[in-house]
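A structural walkthrough
Single-letter residue listing:
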Amino acid sequence: MNPILIDFPHEFSTERLIIRMPLPGDGRAIHEAIESSQPELKAWMQFAQSTQSVEDVEANIRESHLKFLKREDLRLLVFLKETGQFVASTGLHRIDWSIPKFEIGYWIDSRHSGKGYMLESVQGITKFAFDELNARRLEIRCDPNNVRSRNIPEKLGFTLEGILKNNMRSADGSELIDTCVFARTR
């Protein structure tokens, strides 16, 4: 089946959060979150290595919107139910619809860290992937040294399947780093 024909909700919620596909116009809020979180993101995220303009981020959001509609990549944005404020960017990436399997990636606006929002988001996305997308495998990959990121799959019962040695470059490209591979299957 052609993935573009697969129908599923473009928005869902958890107890405190609304999780939805990116929409044109979301760029300003995402840009503000990136700017505010630059010191924390720079250590782990390649996109945070250089300053981006609001227009750059908006263009990225619009590309993500198109990829979502084409079912090539399912970026998801997280907002507080109560206020509508942007909290995090996450999603289902490296998709193989023939299985189907997905990789969950995420980053949080550091102003919202430590409140359990990312754990709640990933838990909601895991349920969404298994229930709505009939996922057979979900992966979360992270740097073993990124303790906060690593805590998410550990708390949600993902299994550490292995640590890939010298698997990729650090966010700033200066060194080779290892990658933890966590998974849940159905």
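The paragraphs below set out a description of the structure included in this document. (Residues numbered from 1 in each chain as written. Predicted model: local features only at pLDDT ≥ 70, side-chain atom pairs only at ≥ 80, totals over all residues. Heavy atoms only, no water.)

**Some remarks on the side chain of Glu-139**
Along the chain, the position of Glu-139 falls in strand β6 (residues 137-142). Here the side chain of Glu-139 touches Arg-137 through a polar contact of 2.8 Å, side chain to side chain. Of the polar contacts made by the side chain of Glu-139, one reaches the side chain of Arg-141; its length is 3.0 Å. For Glu-139, the contacting residues outside a window of four places in its chain are Lys-101, Phe-102, Glu-103, Ile-104, Val-181, Phe-182 and Ala-183. (Helix = DSSP H or I, 4+ residues; strand = E, 2+ residues; numbered from the N terminus. Polar contact = N/O pair within 3.5 Å; in protein donor to acceptor, adjacent residues only side chain to side chain. Contact = heavy atoms within 4.5 Å.)

**Description of the packing of aromatic side chains**
Any two aromatic rings considered together are summarised by their centre-to-centre distance and by the angle between their planes. Taken as a whole, this structure holds 8 aromatic pairs when the rule is applied. Here the aromatic rings of Phe-47 and Trp-107 are separated by 5.6 Å at their centres, their planes lie at 50°, and the arrangement is tilted. One end of the pair, Phe-47, is in the loop between α1 (27-42) and α2 (54-69); the other, Trp-107, is in strand β5 (residues 101-108), with 60 residues separating them in the sequence. Of the residues examined, Phe-47 reaches a relative accessible area of 29% and is grouped as partly exposed. An aromatic cluster of three or more residues is present, and its members are Phe-8, Phe-12, Phe-68, Trp-97, Phe-102 and Phe-128. Note that Arg-71 overlies the ring of Phe-8, its terminal NZ or CZ placed 4.0 Å from the centroid. The ring centre of Phe-158 lies 5.5 Å from the NZ or CZ of Arg-184, which sits over that ring. (Phe/Tyr/Trp six-rings, centres within 6.5 Å; stacked < 30°, edge-to-face > 60°. Buried < 20%, exposed > 50% of the residue type's maximum accessible area, 1.4 Å probe, protein only. Lys NZ or Arg CZ within 6 Å of the ring centre and 35° of its normal.)

**Points about the pattern of salt bridges**
Side chains carrying opposite charge are able to pair once their charged atoms draw close together. Tallying each qualifying case throughout the model produces 15 salt bridges. The partner of Glu-154 in a salt bridge is Arg-150, and the shortest N-O contact between them spans 3.0 Å. A residue pair is termed a helical-turn pair when its members lie 3 or 4 positions apart in one helix, as Glu-154 and Arg-150 do in helix α4 (residues 147-155) at 4 residues. Through salt bridges with shared partners, a single ionic network connects Arg-94, Glu-103, Arg-137, Glu-139, Arg-141 and Glu-161. (Salt bridge = Lys/Arg side-chain N within 4 Å of Asp/Glu carboxyl O.)

**Here's the deal with the nonpolar core**
Grouped together as the largest cluster of nonpolar side chains are 37 residues, with contacts concentrated most on Leu-74, Leu-92, Phe-102, Ile-104 and Leu-138. Only β2 (17-20), β3 (74-80), β4 (86-96), β5, α3 (117-132), β6 and β8 (176-185) provide two or more residues apiece to this core. Sorting elements by how many residues they give to this core places α3 first, with 7 residues. By size, the runner-up hydrophobic cluster in this structure holds 11 residues, among which are Ile-34, Val-57, Leu-77 and Phe-86. (Core = buried A, V, L, I, M, F, W, Y, C linked by side-chain atoms within 4.5 Å.)

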